[in-house]
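For reference, the chains in residue letters:
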Amino acid sequence: MRVLLLYANPHQVLPVGPYGLEILRAAVAESGLPVEVFVCNPFLESLDHTGLLTEVLDRTRPDLVAMSIRNIDNAVVACDTAPGADGRWIDVVDYLAPIAELTRTLRAWDPGLPVVAGGAAFTSCPVEVMDRLGLDLGLAGPGEAAFTALLARVVADGGARGVRRVVAETLSTLPGGLVRTADGVLGPGPRPRPDVVSRPTTALPRIAPEYVLFAKARGIPTALRSHAGCPLRCSYCVDPLNVGKVDARPAHAVAAEAEHYVERYGLTHFHLAAPEVNLPYEGVLTEVCEALAGSRHGERISWHGYFNVRPFSERLMDALIRSRCVRPSFSVDAFDDRMLRGHRKNYRMSDVEDTFGLLLRRRPEWMDVQIGVLFGQPGETAETLENAIRHIRRLADRGVSVGYSCGLRVYPHTPLARTPLDPRHLYRAGGPLATTGADGPRTVPAADLLTPLVYCEPMPPRELAAYLSERLSDCPGVTFIDEGPVKEARQPDWLRPLNVATVHLANGRSGPAAEMLRLVLDSGDSRAAGMTRRLLQEAGARPPAPVGSEPLAPVAGESLVPVADESLVPVGSERPVPPGSEPSAPVGAEGLQTATA
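Rules and cut-offs
- Residues numbered from 1 in each chain as written.
- Predicted model: local features only at pLDDT ≥ 70, side-chain atom pairs only at ≥ 80, totals over all residues.
- Heavy atoms only, no water.
- Helix = DSSP H or I, 4+ residues; strand = E, 2+ residues; numbered from the N terminus.
- Buried < 20%, exposed > 50% of the residue type's maximum accessible area, 1.4 Å probe, protein only.
- Contact = heavy atoms within 4.5 Å.
- Areas by Shrake-Rupley, 256 points an atom, 1.4 Å probe, with all protein chains shown as cover.
- Phe/Tyr/Trp six-rings, centres within 6.5 Å; stacked < 30°, edge-to-face > 60°.
- Lys NZ or Arg CZ within 6 Å of the ring centre and 35° of its normal.
- Pairing = 2+ DSSP bridges.
- Axes fitted to C-alpha atoms, helices over the stretch in contact; angles between N-to-C directions.
- Salt bridge = Lys/Arg side-chain N within 4 Å of Asp/Glu carboxyl O.
- Disulfide = S-S within 2.5 Å.
- Parallel < 35°, antiparallel > 145°, perpendicular 65-115°, else oblique.
- Left-handed = near helix turned anticlockwise from the far one by under 90°.
- Nonpolar A, V, L, I, M, F, W, Y, C, P; charged D, E, K, R; others polar.
- pLDDT = per-residue confidence, 0-100.
- Polar contact = N/O pair within 3.5 Å; in protein donor to acceptor, adjacent residues only side chain to side chain.

The next thing to look at is the overall build of the protein. Across its full length, the protein carries 20 helices and 20 strands. Counting all 597 residues of the protein, 60% fall into the buried class. Across the protein, every contact between residues at least 6 apart in sequence was considered, and the portion connecting residues at least 24 apart equals 77%. Accessible surface computed for the protein: about 21,800 Å², of which carbon and sulfur atoms make up 53%.

This is how it looks when you write it as structure tokens:
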């Protein structure tokens, strides 16, 4: 049996590897099933994503495609205080439109090919995404156990009843499975089980060579999963929709994966991939810290993670220092108890004072303490803005790095989406939904929320960002979160060729890489020249692969790697915002508001 894992991620500014799909591939390999698994991200491997996908389909002839949808958009409400040439009111970049081009390509290649959608963004609103993309099959929630069980059923059938029929029948019985019935209604399977992270496993995720090169050339840390799920129910966040119950991974397994990345790929800087690393109990994170510090490469490892304001104790601070947490980031969001209640946070200002008092008293010189603030929630006023500015100034004066964003993306099924909202403060790219409040507050149907919609009060997002930028312009260490010098919403023409060139270079194809780099350098953009120089430095500095490691594929789609043959597995990395000694990204460059977990 042949399976294509399709990484449907159009994001270009910080190319993030398919960590979830690599975990899935490792689980399939561990199962021992006679399955060849291939991984492909058409948006990163070619300027023509649909053409590359067709080529990959022709070459691999998959029996089943599993499509991972990581994000439905980039969640950056305003990438600049000034509007662009297009006059858009918000800068959120919609990813479902280009993803739909992939689904149409799949149908055109073979209308009967079973395509199972999954991934973090899909799990937060599966029915709406399936309707938008015209898909019939889905798997919400953690997929390791369910997807392996699905493949086992198909393999056992041996093609007697047809792959698509077996897939549909099996999904209807699996946790998180969704199947569109003959009358068009989507029938969900049982609720997804969260207890797959803690299952013992000997298989470790692999990393494709391009993601190793992206990590080193762009300062992108490697994802390292410590747990899944979040017990909080913050008003704007989709994490609880993905996996509500927290399932912690054994600390020794986290450390073993980190050792694997250090020894096999030379990657030493990690992002603990969890919604809030110190929830629900800080003891779990303390154990992970101790395991990392005591690992074979503890002295080389550093990491970054997102924290909740509480719990946070002296004991946890000791563990962060021992394990070299170089950048603890806190989504404080607001500096007023009423506003924190509006966000449904589980802490108050007294907790903020206690936690940051401890952090600033104990932090080593190399630790960069960061906070993120979300402006524009319902109830934001001139008074709450002034209060927040005072707190931000005080924290910045004490050496805290502060990043702020203006406006909240309203995602389907979140508490914010279920709250009646004043349409005068709801914005699409073309402007507010209403100019008067005559109709009163209202909710927006979940399907309509797939198209970017932002709430921002008391003024439009860009106007609010400009106001705060002016008020905080004399504050070093305080930044408006704008994605840095290259922005997804105003993406320069040379960025995608640069990414494709990186894939070619990482896989040993100097000719195609040179062709792409000519397009990059012909732009005359100093940013392009600088990023190209760093890329070539890192590509030349990459150590040779160990004897017996993966050969490089000679044709397009080279990151396609059969699981069945260990000798064909490539090298790479994953995930944005650099920690520690890597080049710095803007504070909160991954986005203050979680888009998909």
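Once you've had a look at it, read on.
We now examine the packing of aromatic side chains. By the definition in use, this model includes 11 aromatic pairs. A centroid spacing of 6.2 Å and a plane angle of 65° characterise the contact between Phe 307 and Phe 312, whose relative ring orientation is edge-to-face. Here Phe 307 falls in the buried class, since its relative accessible area comes to 1%. Its relative accessible area of 12% is what places Phe 312 among the buried residues. Positioned above the aromatic ring of Trp 366, the side-chain terminus of Arg 324 is 4.5 Å from the ring centre.

All right, on to helix H6 (residues 126–133) then. Residues Pro 126, Glu 128, Val 129, Met 130 and Leu 133 constitute the buried set of H6. One or two steps after H6, the chain reaches Gly 134, where phi turns positive at roughly 70°.

Strands sit in the order E8-E11-E12-E13-E14-E15-E20 across an open sheet of 7 strands; the sheet is parallel. At either end of the open sheet lies a strand with only one pairing partner, and these are strand E8 (222–224) and strand E20 (478–480). Sheet twist, expressed as the mean angle between neighbouring strand axes with direction ignored, is 25°. Bridge count between strand E12 (residues 302–307) and strand E13 (residues 325–333): 5 bridges; the pairing is parallel. When the bridges of E13 are listed, Trp 303 appears paired with Cys 325. Contacts from helix H12 (residues 282–293) reach E8, strand E11 (269–272) and E12 within the one sheet, and its direction differs from that of E12 by about 170°. Seen against the sheet, helix H17 (residues 461–471) touches strand E14 (370–375), strand E15 (401–406) and E20 and runs at an angle of roughly 150° to E15.

This brings us to the pattern of salt bridges. One pass over the full model with this rule turns up 31 salt bridges. A salt bridge links Arg 161 to Glu 169; the shortest N-O distance between them is 2.6 Å. Take Arg 161: its relative accessible area is 39%, and that puts it in the partly exposed class. Taking the shortest distance from any N to any O, the salt bridge between Asp 474 and Arg 393 comes out at 2.8 Å. Of this pair, Asp 474 sits in the loop between H17 and E20 while Arg 393 sits in helix H16 (residues 382–397), and the two are 81 residues apart along the sequence. The exposed category is assigned to Asp 474, whose relative accessible area is 53%. One network of salt bridges, with partners in common, ties together Asp 80, Asp 91, Arg 462 and Arg 490.

For the rest of this paragraph, the subject is the environment of Ala 120. Of note, Ala 120 is situated in helix H5 (residues 120–124). Residue classification places Ala 120 among the partly exposed positions, given a relative accessible area of 22%.

Under the criterion given, the structure shown has 0 disulfides. Here Cys 237 stays unpaired: no disulfide links it, and the sulfur of Cys 234, its closest cysteine neighbor, is 6.1 Å away. By relative accessible area, Cys 237 is classed as buried at 10%. For Cys 325, which is in no disulfide, the shortest distance to another cysteine sulfur is to Cys 289 and amounts to 7.0 Å. Exposure remark for Cys 325: the relative accessible area of 0% places this residue in the buried category.

As a further point, take the sheet that holds strand E18 (residues 431–432). With respect to topology, 4 strands assemble into an open sheet ordered E16-E19-E17-E18, the strand pairing being antiparallel. At either margin of the open sheet sits one strand with a lone partner, and together these are strand E16 (408–409) and E18. Alignment of strand E17 (residues 426–428) against strand E19 (residues 454–455), held across 2 bridges, turns out to be antiparallel. In the sheet register, Leu 426 faces E19, and the bridge partner there is Tyr 455.

For the pair H16 and H17, the least separation of the axes is 11 Å and the interaxial angle reads 45°. Taken together, the axis directions place H16 and H17 in an arrangement best described as oblique. Considering only the axes of H16 and H17, their crossing is right-handed. Of the residues in H17, those in contact with Leu 385, Glu 386, Ile 389 and Arg 393 of H16 are Leu 464, Tyr 467, Leu 468 and Arg 471. By residue class, the composition of the contact of H16 with H17 is 5 nonpolar, no polar and 3 charged.

Residues at a pLDDT of 70 or more form 88% of the protein, whose mean pLDDT is 87. Between residues 541–592, whose pLDDT stays under 50, and residues either more than four places distant or in other chains, the model counts 172 contacts.

What follows concerns the environment of Ala 256. Along the polypeptide, Ala 256 turns up in helix H11 (residues 251–265). Considered as a pair, Ala 256 and Leu 292 are 36 residues apart in the sequence and their alpha carbons are 8.6 Å apart.

Turning next to the side chain of Thr 148. Summarising the element assignment, Thr 148 is placed in helix H7 (residues 144–157). A polar side-chain atom of Thr 148 sits 2.7 Å from the main-chain carbonyl oxygen of Glu 144. Filtering out sequence-adjacent residues up to four positions away, Thr 148 remains in contact with Ala 27, Val 28, Ser 31, Leu 33 and Gly 143.

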